[in-house]
Structure formats: structure tokens, C-alpha cells
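# Chain and residue survey
Each chain, written out:
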Amino acid sequence: MPRTKPSVAVLYNHVDEDEYEQLRDLDPATLPFEPQYDVHVATVMEEYAAIVKGLRRAGFRARGVNLADDLRALERLLARNPPDVVFNLVEHFRSDPEHESHVAALLDVHEIPYTGSPPFALSLCRRKGLTKHVLLANGVPTPRYRVLYEPSISRRHGLHYPLIVKPAREDASAGVERDSVVHDHAALLARLEHTLAEFTGPALVEEFIEGRELHVSVWGNDPPAVLPIIEFDFSALPADHPTIISFDAKWNPIEEVFHQVSTICPARISQRARKRVHAAALAAYRVTGCRDYARLDLRLTKGDHPFVLEVNPNPDLTEGVSFMESAEEAGYTFAAALKLIVDAARARRPARAA
Ligand SMILES: Nc1ncnc2c1ncn2[C@@H]1O[C@H](COP(=O)(O)OP(=O)(O)O)[C@@H](O)[C@H]1O
Ligand SMILES: [Mg+2]
């Protein structure tokens, strides 16, 4: 009997308008600078569709399923035509990113294998202060920090300037801007006040690590492996802009900084640095309970000391970017990399369904 292809449901939650949709009609010639990259960035819906297509190329029967803020969509999927695996791309539900882990928990309760991290890792890594606590307790280097709920901090806080102030429960560079890096107490208080007013949850004050920024993708489970490291080149940024991936540098193609930060893969670092970065990234992946694939954001000092800034379970899978840039450098096509992630999830299939 011919074996049928395994089926994959690409699960996501999309209801709002996509901001990149509005850029469709933008003529790049009207920008007050020469854009380095295409300003017509793919919308999230296009990215979900690209993953469905990639999975089909990889030999799966794949379809996209939008929860659209309605859990009955999940019930219908599981009751009528359950897939062999769910490719879990849900990051929020009813605009609440805390529900990212709750949707994963529902898949667990239904005993359906799904890609990516379990609810615990998703919840933990949304709390940057707690994550750093776990990293430090396990000997993984991360910048010294304080978590603050009020916009006040003694002058003698014991941290060394420059400092960076970030919302402790956001991701994707939200709240990270030019003014996030502060050099004195007055600027620290002002930025704290701003961060606490703009975002829910506490603020994280962290020592600013000068040096290279590295994004390290890790995948697999038994054992996990490190993909080629991405290094960020900040040399085109104006001298008065801190060397950080600010919100605009990451997401806003109509801002000049978006076009002034580029990536180099593999990173140009020594063998010694690479070994230390690999060890820190693997340890961070393991102690936070990440699964299948994740991206660790690190800084590397001049003396080759790595510091983990952040753990990103279920990171962005846009083709050619970030995680997928590293996978490509390692020789995996987009489809082959998606297949490896799905196969990691299928290996967890509950015994009685096998
Ligand atoms: N302690 C730090 N030292 C140097 N740069 C930092 C530090 N913390 C954050 N950054 C910069 O800010 C960016 C965003 O911070 P990150 O902690 O990765 O949060 P997120 O990506 O969730 O917004 C980083 O990619 C880095 O460029
Ligand atoms: Mg980050």
C-alpha cells in the first residue's frame, strides 16, 4: 500500500491589519535616503503562506489554519481532520501574548505533536528578568541587571554605566530605541519612567555590553546543535546612534537606520570565541527548556566573553533571515530546515498514536 504523506497544519492567529500592507504602494524614490534593502517587506500572512509552501516542497501535506481569535477553529481542526503534526506559529491570542503558551498547552492536552517549545519555556522566556535569574543560577553569563516596578532607583545602584533600559516582558525590540541606552542617573530615571508608562510589566535595567552582537540559532533535541552564527555590522550607523538593534532598525523600512544595519554569516570571530559562544548558547537553550529550534541573542566583548541577552523560543522563520539565514549557511534549503523542525516534533508522537 502506498504510504501517504504526513500532514502538517500550520497554525497561526491573525486578525489585525498588517502594517506592511500599507507599504505596498510606497515608491522608494520618495524616501529622503537611498534604501539599502527592499522596503516592500513580506506581510505576516505571506510568511505563513511561504511556510505552507516550503512544507509542501519538503514532502508534507500542509495547510494553513488561522485561529482568528476563535478557539472553535482549533476544536474543528482536532475533531474533524487532525493533522499528524501542528506547526505552531501562534504568538498571541486576543492580542494577549501570554496566551502564546496557553495555546501550546491546549495542544499538549490534546496530545497532538507540535513544533517548537513547550508552554513552560514560552512563559519563562517572556519574563526576561526571571530568565536571566535562571541563566545565572546555571552559570550562563548574562549582563548584570535589576528588575524595577517603580520609576525610582538609588544613585548607588551598583551597576556600571552605560546601562540599557528595556521593558521586561516584551520582545522583538519593542521599547528599544536610541534613548534606551543611558549614561547617567538623570537619563536612567527618565527612561525608566518612559518604559514603565508605555509598557505593562516591570522594566529591566541592564549593563550595556560593548562589542559585537551575535544571533545564535540552535535546533534539535537529542542533542541540540548550533547553526552558523550571525554577526551584526553596525558600521554604517551614525556616530550618535548606539550600536543596538532598535525597533526601527529591526522593523521599520521607511527609517534610515533599517538600512544601516546588516548581517554577516558566519560571524568573523576566533575559534576561542566561537567555542565560548556555542557553550553559552547551548546551555541557555537547555536550562530554559527550549525545544526543536530557538535563537539566542548575545553580545561578545573585545576580550571574547559572551553574554546572553535574550532567549527566543519559536523565533521568526522568514526565509533568508535570522534563523533561516543561519540554516541556509549550514547548507539547508528553507524546505529542508522546515522538515528538520517538523521531524523533531514528530519524534515526540504519543506512543498510542504511532
Ligand atoms: N545589555 C545589552 N548590551 C548591549 N546591547 C543590548 C543589551 N540589551 C539589549 N541590547 C540591544 O537591544 C536589542 C534588543 O534587546 P533584546 O534583549 O534582544 O530584546 P528584544 O529583542 O526582545 O527586544 C539587542 O538586539 C541589542 O542590540
Ligand atoms: Mg532580541
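Note that the structure is predicted; figures quoted are calculated from it, not measured. (Residues numbered from 1 in each chain as written. Chains lettered and ligands numbered in written order. Predicted model: local features only at pLDDT ≥ 70, side-chain atom pairs only at ≥ 80, totals over all residues. Heavy atoms only, no water.)

Turning our eyes to something else, we now look at the coordination of the magnesium ion (ligand 2). Within the protein, the magnesium ion (ligand 2) binds to Asp-297 (OD) and Glu-310 (OE); these donor distances fall in the range 2.1 Å. Within this pair, whereas Asp-297 is found in strand β12 (residues 293-300), its partner Glu-310 is found in strand β13 (residues 306-313), the two being separated by 13 residues in sequence. The exposure class assigned to Glu-310 is buried, which follows from its relative accessible area of 13%. (Donors = N, O, S within 2.8 Å, 3.2 Å for Na, K, Ca; no water. Helix = DSSP H or I, 4+ residues; strand = E, 2+ residues; numbered from the N terminus. Buried < 20%, exposed > 50% of the residue type's maximum accessible area, 1.4 Å probe, protein only.)

Across the interface, helix α4 (residues 119-126) lies against helix α5 (residues 128-137) with an axial gap of 5 Å and an inter-helix angle of 105°. The pairing of α4 with α5 is recorded here as roughly perpendicular in orientation. Residue-level inspection shows Leu-124, Cys-125 and Arg-126 of α4 in contact with α5, the latter providing Lys-128, Leu-130, Thr-131 and Val-134. Residue classes in the contact of α4 with α5 are distributed as four nonpolar, one polar and two charged. (Axes fitted to C-alpha atoms, helices over the stretch in contact; angles between N-to-C directions. Parallel < 35°, antiparallel > 145°, perpendicular 65-115°, else oblique. Contact = heavy atoms within 4.5 Å. Nonpolar A, V, L, I, M, F, W, Y, C, P; charged D, E, K, R; others polar.)

A word on the site of ligand 1. The immediate surroundings of ligand 1 are formed by 21 residues, with Lys-166, Ser-173, Glu-206, Glu-213 and Glu-310 found nearest. In the environment of ligand 1, an oxygen atom lies 2.9 Å from a nitrogen or oxygen atom belonging to the backbone of Ile-245. Contact distances for ligand 1 include 3.3 Å between an oxygen atom and a side-chain N or O atom of Asp-297. Within the complex, the protein chains bury 99% of what would otherwise be the 540 Å² of accessible surface of ligand 1. (Near = heavy atom within 4 Å. Polar contact = N/O pair within 3.5 Å; in protein donor to acceptor, adjacent residues only side chain to side chain. Areas by Shrake-Rupley, 256 points an atom, 1.4 Å probe, with all protein chains shown as cover.)

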